Amino acid sequence: MQNRQLVVLTSLITRLVISASTCTFFQPDEFYQSLEVAHYYTFGYGKLTWEWLSPKPIRSIIYPALNVPLYTLLKYLHLDDTELLIIAPKILHGILASGTDIALFDLTLKILGADYAPVATFVSLTSFFHGLALSRTLSNSLETTVTIIALSNYPWDTSTLIWRNDLRKFLFFAGLACAIRVTSAVVWVFLFFLLLWRMRTNQTKIVAAITDAVSLGLTVLSLQCIMDSLYYGRATLTPLNFLVTNLSSVSLFYGSSPWHYYLTQGIPILTVFSLPFVLHGAWLAYNQPGHSPLKDILGLVIWTVGIYSLAGHKEWRFIHPLLPLLHIFAAKSLVDLYRAQHRPTDKAQSDRHSWLKIRSSYLWLHLVHIPLVLYMIRFHGRAQVEVMRYLRTEVDIRSAGFLMPCHSTPWQSHLHRPELADAGRLWALGCEPPLQILILPSGENLTEYQDQTDIFYQSPIAYILNHFPAVVDPSFPPSPYPASVPGNAEQSGAWQHTWPQYLIMFGALLREPGITDVVLALGYKRVWHREMGWEGDERRQGGVIVWKHFGNFSR
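Position numbers for residues count from 1 along each chain, tracking the sequence in the order it is written. Selection of residues for local features in this predicted model requires a pLDDT of at least 70, selection of side-chain atom pairs for listing and counting requires 80 or more, and totals for whole chains, interfaces and linings are taken over all residues. In computing side-chain values, all of the structure's heavy atoms are included and hydrogens and water are not.

1. Quick word on the overall build of the protein chain
Link 1 in the chain: Per the convention used, a helix needs a DSSP run of H or I reaching at least four residues, while a strand needs a run of E reaching at least two, with both numbered from the N terminus. Per the secondary structure count, the protein chain includes 24 helices and 5 strands.
Link 2 in the chain: The principal-axis extent of the C-alpha atoms belonging to the protein chain is close to 85 × 50 × 50 Å.
Link 3 in the chain: A burial count over the protein chain gives 54% of its 555 residues as buried.
Link 4 in the chain: Accessible surface area values rest on a Shrake-Rupley calculation with a 1.4 Å probe, where residue burial reflects the displayed protein chains alone. By element, 63% of the accessible surface of the protein chain is carried by carbon and sulfur atoms, the whole surface being about 24300 Å².
Link 5 in the chain: Side-chain charges of the protein chain comprise 42 positive and 38 negative groups, with the mean position of each set lying 7 Å from the other. Burial classes: relative accessible area under 20% of the type maximum marks a residue as buried, over 50% as exposed, and values in between as partly exposed (1.4 Å probe, protein chains only). A residue counts as positive if it is Lys or Arg and as negative if it is Asp or Glu; His and the chain ends are not included. Taken as the charge location is NZ of Lys, CZ of Arg, CG of Asp or CD of Glu.

2. Re the side chain of R15
Link 1 in the chain: Position of R15 among the secondary structure elements: in helix 1 (residues 2-21).
Link 2 in the chain: Owing to a relative accessible area of 0%, R15 belongs among the buried residues under this scheme.
Link 3 in the chain: Pairs of residues are marked as contacts when any of their non-hydrogen atoms sit within 4.5 Å. Discounting residues that sit within four places of it in the chain, R15 has contacts with G94, A97, S98, D101, S124, L125, H130, G131, L134 and S135.

3. Considering the sheet that holds strand 5 (residues 544-549)
Link 1 in the chain: Two strands qualify as a pair provided that DSSP identifies no fewer than 2 bridges between them. With mixed pairing, the 5 strands of this open sheet are ordered in space as 2-1-3-5-4. With partners counted over all chains shown, the strands left at the sheet margins are strand 2 (426-428) and strand 4 (524-530), one partner each. The mean inter-strand angle of the sheet, taken between neighbouring strand axes irrespective of direction, is 20 degrees.
Link 2 in the chain: Relative to strand 5, strand 3 (residues 502-506) runs antiparallel, the two being bridged by 5 bridges. Note on strand 5: the bridge partner recorded for M505 is I545.
Link 3 in the chain: Note on method: axes are straight lines fitted to C-alpha atoms, helices fitted across the in-contact stretch only, with angles between N-to-C directions ranging 0 to 180 degrees. Against the sheet, helix 20 (residues 383-393) engages strand 1 (400-403), strand 3, strand 4 and strand 5, with an angle of about 125 degrees to strand 4.

4. Some remarks on the packing of aromatic side chains
Aromatic ring pairs: the centre-centre distance and the angle between the two ring planes describe each pair.
Link 1 in the chain: The aromatic pairing rule takes the rings of Phe, Tyr and Trp, using the six-membered ring of Trp, and pairs them if the centres are within 6.5 Å, calling planes under 30 degrees apart stacked, those over 60 edge-to-face and the rest tilted. For the structure shown, the criterion picks out 26 aromatic pairs.
Link 2 in the chain: Arranged with centres 6.5 Å apart and planes meeting at 25 degrees, the rings of Y375 and F379 form a pair that is stacked.
Link 3 in the chain: For Y375, a relative accessible area of 30% puts it in the partly exposed group.
Link 4 in the chain: These aromatic residues form a ring-pair network of at least three members: W427, F456, Y457, Y463, F468, W495, W499 and Y524.
Link 5 in the chain: Positioned above the aromatic ring of Y457 is the side chain of R539, whose terminal nitrogen or guanidinium carbon lies 5.3 Å from the ring centre. Note on geometry: a ring has a charge over it if NZ (lysine) or CZ (arginine) is within 6 Å of the ring centre and within 35 degrees of the ring normal.

5. Observations concerning the state of the cysteines
Link 1 in the chain: The disulfide criterion is simple: two cysteine sulfur atoms within 2.5 Å. Evaluation of the coordinates by the stated rule reveals 1 disulfide.
Link 2 in the chain: Residue pairing for C406: its cysteine sulfur links by disulfide to C431, the two sulfurs lying 2.0 Å apart. A torsion of 90 degrees about the S-S bond marks the disulfide between C406 and C431 as right-handed. Residue C406 is located in the loop between strand 1 and helix 21 (412-415), and its partner C431 is located in the loop between strand 2 and helix 22 (452-458); the two are separated by 25 residues in the primary sequence. Neither C406 nor C431 differs from the other in exposure class; each is buried.
Link 3 in the chain: Unpaired in this structure, C178 has its nearest cysteine sulfur neighbour in C225, at a distance of 16 Å.

6. Concerning empty space enclosed by the protein
Link 1 in the chain: Only protein atoms enter the 1 Å grid used here. Points where a 1.4 Å probe fits but cannot escape make up a cavity, open sets with protein on both sides within 12 Å along at least five of seven lines make up a pocket, and a residue lines them when an atom lies within 4 Å of a point. Grid points are joined across faces, edges and corners, and a volume is the space filled by probe spheres set on the points. For the coordinates displayed, the defined rule picks out 6 cavities of 30 Å³ or more.
Link 2 in the chain: The volume enclosed by the largest cavity comes to roughly 200 Å³.
Link 3 in the chain: I58, R59, S60, A179 and I180 are, among the 17 residues lining the largest cavity, the residues nearest its centre.
Link 4 in the chain: Sorting the residues of the lining of the largest cavity by element identifies helix 9 (163-180) and helix 12 (238-246) as the ones contributing at least two each.
Link 5 in the chain: Of the residues assigned to the lining of the largest cavity, the class counts are 10 nonpolar, 5 polar and 2 charged. In this classification, Asp, Glu, Lys and Arg are treated as charged, Ala, Val, Leu, Ile, Met, Phe, Trp, Tyr, Cys and Pro as nonpolar, and every other residue, Gly included, as polar.

7. As for a nonpolar patch on the surface
Link 1 in the chain: Only residues whose relative accessible area exceeds 30% and that form no salt bridge are eligible for patches; like-charged ones are grouped when within 9 Å, while nonpolar side chains (Val, Leu, Ile, Met, Phe, Trp, Tyr) are grouped when within 5 Å. Should a side-chain nitrogen of Lys or Arg be within 4 Å of a carboxyl oxygen of Asp or Glu, the pair is scored as a salt bridge. Together, L73, L77, L79, L84, I87, I91 and I95 give the surface a local cluster of nonpolar side chains, amounting to about 570 Å² of exposed area.
Link 2 in the chain: In terms of residue count, helix 5 (residues 84-111) provides more of the nonpolar patch than any other element does, 4 residues in total.
Link 3 in the chain: On the secondary structure map, L84 appears in helix 5.

8. So, the pairing of strand 5
Link 1 in the chain: For strand 5, the tally of buried residues reaches 5 of 6 residues, placing the bulk of the element in the interior.
Link 2 in the chain: Across 6 bridges, the pairing between strand 4 and strand 5 is antiparallel. Each residue of the ladder has a partner; that of K525, found in strand 5, is K548.

9. So, the pattern of salt bridges
Link 1 in the chain: In this structure the tally under the stated criterion is 20 salt bridges.
Link 2 in the chain: Of the charged contacts, one joins D115 and K357 as a salt bridge, the two residues approaching to 3.7 Å between their closest N and O atoms. Remark: K357 occurs in the loop between helix 17 (347-352) and helix 18 (360-367) and D115 occurs in the loop between helix 5 and helix 6 (116-125); sequence separation between them is 242 residues.
Link 3 in the chain: Overall, the relative accessible area of 21% leaves D115 in the partly exposed class.
Link 4 in the chain: For R382, the salt bridge goes to E386, with nearest N and O atoms at 2.8 Å.
Link 5 in the chain: We classify R382 as buried; its relative accessible area is 17%.
Link 6 in the chain: Where salt bridges share partners, they join D29, E315 and R317 into one cluster.

If you want it as structure tokens, here you go:
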């Protein structure tokens, strides 16, 4: 009990420190699928992406709704114009993230024993990818926490008297994980059928398990349907819409990766220096005689990675919920290697050894993750977040435009300027996918489809000449049609911009012929520039630059 209390305290402190310290940009979804949605719902302005605006929306309000009470409280206390608007969600998600470490400790203690649980927790707390993503406002991060909580309640032993209570808790959290991200069902299908197979000789238990699964599953799905229908104002079943949309070619619009992506990139990036111990622990699990929970977890990881690998569009964070399970394999390896080096002759001698049974060299190897995490949460992509802080503090701001790849910065969840709520006063280039593929006849060729961002970067100067006026209107009127409408087949000539008071871009754009000359000729002057960390995307290099209009010249 004392060890668990230490784990709870350490995890809470660690995750809150990481969350509060994070000031960088990792994925657009940490803003546009969570904070921006909650901000729009609470304050009535902001930006919603196509996932929320399409005729058949694919996102559930359940995850963004976590932030709504925080925003609502700040709104009615008139504190929404303070730093609490940004800090409050960080605190909430730091607390939620700590549940991953705590549940991992419980699960490892249950299936491997007291020597392994602290080591698994140590690996989790020093994990590079957990440090990077677990405390962020990403649905995958909460899915990771809920997944490991569900697994810590899984009835690994159905011979106990409390197996059905464990099953019901497991099913509840499994259903919640599916409500957060429907693709989580891949995990639970494997575990539930494994459970049924284990109970195949006991018909009573099988009936009980199926009854609980159906009743809890329908309950969670019904509640999700009610919440989503109330949010969208019409009957909506987002899990079905999500599957229909992502089983089409629309998902490939965001990129396609080879079948081995998760094996050759995903798992190595998630585990970094823990990878050798993960592989060794998996090998030890595979070679265990007979049935064991650790071998079941290995089968679950192989099954899930295999199914996810069938999809064309892949991202590291999609398999983030498997990372705590990989840490269990690492703990198995590290403790067994420690025991091989320290062979006590009796239990008393064993108890005198460290509570954290890991060789010192391997401990330091895992601690190397910490400076990597610090770089990612404090420097890499920081300017993309700081620019919104700068704009938020500007006294008089009438319009702003972002000539950047779409969703390169947060939006009103960090800016929070209601005077820019009118359409066209705050705009960015769009990147709407070809949703018309869902209604076009099969066989329609959309391989050459280009969104607004693609067209802009084909020739930035040509885009400016075709879609911007020759002079700056000093009253800075809203742009008539600055970005695409989700679901509409767009024409490249449809966009219409007016020159904004503030123009934001990456420094890399100034390498394009004619851009600097045009901006200066129009009367813009550079007022802010930040560049922090390395950036692999050439379009996002050169830091973030803010130009402000001071004069009225023609180009």
